[in-house]
Amino acid sequence: MFCDQVGHRILHKTCVDSTNEEAKRDAEKGAAHGTVYWADRQTEGKGRRGRSWISQDGSNLYFTVLLRPTLAPEKITMLTLVMAYAVALAIEKCTGLETGIKWPNDIVVNGKKVCGILSEMKMERQQPAYCVVGVGINIGQTTFPKELRDKATSLCTELQKRTTNAGTKGVNLCAVGNSAEDGSDKEKLLQEILKAFEDAYQAFLEAENLLPIWENYNGHLVNRNRQVRVLEPGGEYEGTALGISPAGELLVEKSDKTIQKVYAGEVSVRGLYGYV
Ligand code: BTN
C-alpha cells in the first residue's frame, strides 16, 4: 500500500449513511488506526454544527480517516487543521488549482468552498479513544442548492473556467466520459491527500503542535488580513484576522488593538464582505 499508517486499509462502498458513522461503528469493533472509509454516496452525510452534507453526487469524494492518536484531548482539534492543510496541498498537486484555507478547515478555490471537514472524537477515561476525520470534496458537481450557490463550487467547475482561460493542466478528474464517477482519478486524489496527511500528521505528532506546517498553513489562509466577525456562544465581535497560532487558534486583532485567540469548535468566523 502507498502509506505507512494512514490508508494501509481503504474500505470502499458505493453507498453508506455517513462515512464518519461507518468509521465510528468500525472503531467500536476495534478497527485499526489509519483505516480509511470511502463512499461514492452518503444518505445521511453530516456537516459541522449539526448541518447535513448533501452527498448524492457520485462524482464527489466522501471519505473518513480513523485515527487513534495518543494526544491530550485539547490537541485533537488541531487534527482537523492538519487535514485541511493536506487536502489543500493535494488538490494543488493534482489539479494545479490554487487553494486557500478558510479557518479552521474549509478549502476554498476562487473564493468559494470546495471541501468541508468534520472531525469527531470518542473519549474514554478522560483520554481520546479514537478520532474520525471526515472529508467531503466537491469534484464533478455542477449545480448547488440556491442557498449555497454564492459560496460553493467544485473542482471541475473551477478547472473548466481555467481551461477556457489558460489552457489545460492537472489530472483528468473532469474530462468528458472520464472517471470522476467511476472512481479511478478520484482515487488518485484520495491517495495524494492521504500521503500529504501522513507526512503532516507525523510531524504534528512529534511536535504536538502545528509549528511544522504553521507557515505554510498561514500562507494558504484566505482570512488573513481580512475583516472577520467572530460568533461565539457568548457573543460576537469584529476584527482583523492575523493568522493562526502554533496551537491552531485564529488570532484576531480588535479595533482596540487587543488580540483575541479564537478556538475552533462552536465558533463561527465570517468574512464581513462575503463568504471569505
Ligand atoms: C462541513 O460542514 O463543512 C463539514 C462537511 C464534512 C462532510 C464529510 S463527507 C465525508 C464525511 N462523512 C460525513 O458524514 N461527513 C464528512
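A few words now on the pattern of salt bridges. As enumerated under the stated definition, the model contains 19 salt bridges in all. Between Lys93 and Glu192 there is a salt bridge; the shortest N-O distance is 3.2 Å. Of this pair, Lys93 sits in helix α2 (residues 78–95) while Glu192 sits in helix α4 (residues 184–207); the two residues are 99 residues apart in sequence, bridging distant segments of the chain. For Glu192, a relative accessible area of 16% gives the class buried. Lys161 is the partner of Glu158 in a salt bridge, and the nearest nitrogen-oxygen pair spans 3.1 Å. Linking Glu158 with Lys161, this pair stays in helix α3 (residues 155–166), spanning 3 residues, or about one helical turn. Judged by its relative accessible area of 2%, Glu158 is buried. Judged by its relative accessible area of 41%, Lys161 falls in the partly exposed class. Here the residues in one salt-bridge network are Lys13, Asp17, Glu22 and Arg25, joined through shared partners.

Turning to the pairing of strand β8 (residues 227–232), a few remarks are in order. One ladder, built from 6 bridges, connects β8 with strand β9 (residues 235–244); its direction is antiparallel. Bridge pairing in β9 places Glu232 opposite Gly235. With antiparallel pairing between neighbouring strands as the criterion, β8 and β9 make up a hairpin whose turn holds 2 residues. Pairing between β8 and strand β12 (residues 268–271): 4 bridges, direction antiparallel. Bridge pairing in β12 places Val230 opposite Val269.

We now examine the packing of aromatic side chains. Under the counting rule described, the total for this entry stands at 1 aromatic pair. Between Phe197 and Tyr201 the ring centres are 5.4 Å apart and the planes differ by 20°, which places this aromatic pair in the stacked class. Here the residue Phe197 and the residue Tyr201 both occupy positions in helix α4, the gap between them amounting to 4 residues, near one helical turn. For the pair shown, Phe197 and Tyr201 are each scored as buried.

Quick look at the sheet that holds strand β3 (residues 61–67) now. Ordered by their spatial adjacency, 7 strands build an open sheet running β1-β2-β3-β7-β6-β5-β4, and the pairing between neighbours is mixed. Of all strands in the sheet, those with a lone pairing partner are β1 (10–16) and β4 (100–102), marking the two edges. For this sheet, the mean inter-axis angle between neighbouring strands, taken without regard to orientation, is 20°. As judged from the 10 bridges shared by strand β6 (residues 112–124) and strand β7 (residues 127–137), these two strands associate in the antiparallel manner. Looking at β7, one finds that Met121 is bridged to Cys131.

A few words on the site of the ligand. Inspection of the region around the ligand gives 19 residues, with Ser18, Gln42, Lys46, Arg48 and Lys113 positioned closest. At a separation of 2.9 Å, a nitrogen atom of the ligand approaches a polar side-chain atom of Gln42. Within the backbone of Arg48, one N or O atom sits 2.7 Å away from an oxygen atom of the ligand. Out of a free accessible area of 420 Å², the ligand has 98% covered by protein chains. Breaking the shell around the ligand down by element, the ones donating at least two residues are α1 (19–28), β3, β6 and β7. A total of 4 residues in the shell around the ligand trace back to one element, the largest contributor, which is β6.

Orientation of α2 relative to helix α5 (residues 211–220), taken along the N-to-C sense of each, is 65°, at an axis distance of 11 Å. When the axes of α2 and α5 are compared, the pair comes out roughly perpendicular. Here α2 runs over α5; the crossing is left-handed. Here Leu81, Val82, Tyr85, Ala88, Leu89 and Glu92 of α2 come into contact with α5, specifically with Ile213, Asn216, Tyr217 and His220. Looking at side-chain class alone, the contact of α2 with α5 contains 7 nonpolar, 2 polar and 1 charged residues.

Taking burial as the measure, the 10 residues of α1 include 7 buried ones, the bulk of the element. Within α1 the residues assigned to the buried category are Thr19, Asn20, Glu22, Ala23, Lys24, Asp26 and Ala27. Contact partners of the buried residues in α1: β1, β2 (36–42), β3, β6 and β7. Between the side-chain oxygen at the start of α1 and the backbone nitrogen of Asn20 there is a gap of 3.2 Å, and the oxygen is on Ser18. Phi turns positive, to about 100°, at Gly30, one or two residues after α1.

Procedures and definitions
- Residues numbered from 1 in each chain as written.
- Predicted model: local features only at pLDDT ≥ 70, side-chain atom pairs only at ≥ 80, totals over all residues.
- Heavy atoms only, no water.
- Salt bridge = Lys/Arg side-chain N within 4 Å of Asp/Glu carboxyl O.
- Helix = DSSP H or I, 4+ residues; strand = E, 2+ residues; numbered from the N terminus.
- Buried < 20%, exposed > 50% of the residue type's maximum accessible area, 1.4 Å probe, protein only.
- Pairing = 2+ DSSP bridges.
- Phe/Tyr/Trp six-rings, centres within 6.5 Å; stacked < 30°, edge-to-face > 60°.
- Axes fitted to C-alpha atoms, helices over the stretch in contact; angles between N-to-C directions.
- Near = heavy atom within 4 Å.
- Polar contact = N/O pair within 3.5 Å; in protein donor to acceptor, adjacent residues only side chain to side chain.
- Areas by Shrake-Rupley, 256 points an atom, 1.4 Å probe, with all protein chains shown as cover.
- Parallel < 35°, antiparallel > 145°, perpendicular 65-115°, else oblique.
- Left-handed = near helix turned anticlockwise from the far one by under 90°.
- Contact = heavy atoms within 4.5 Å.
- Nonpolar A, V, L, I, M, F, W, Y, C, P; charged D, E, K, R; others polar.

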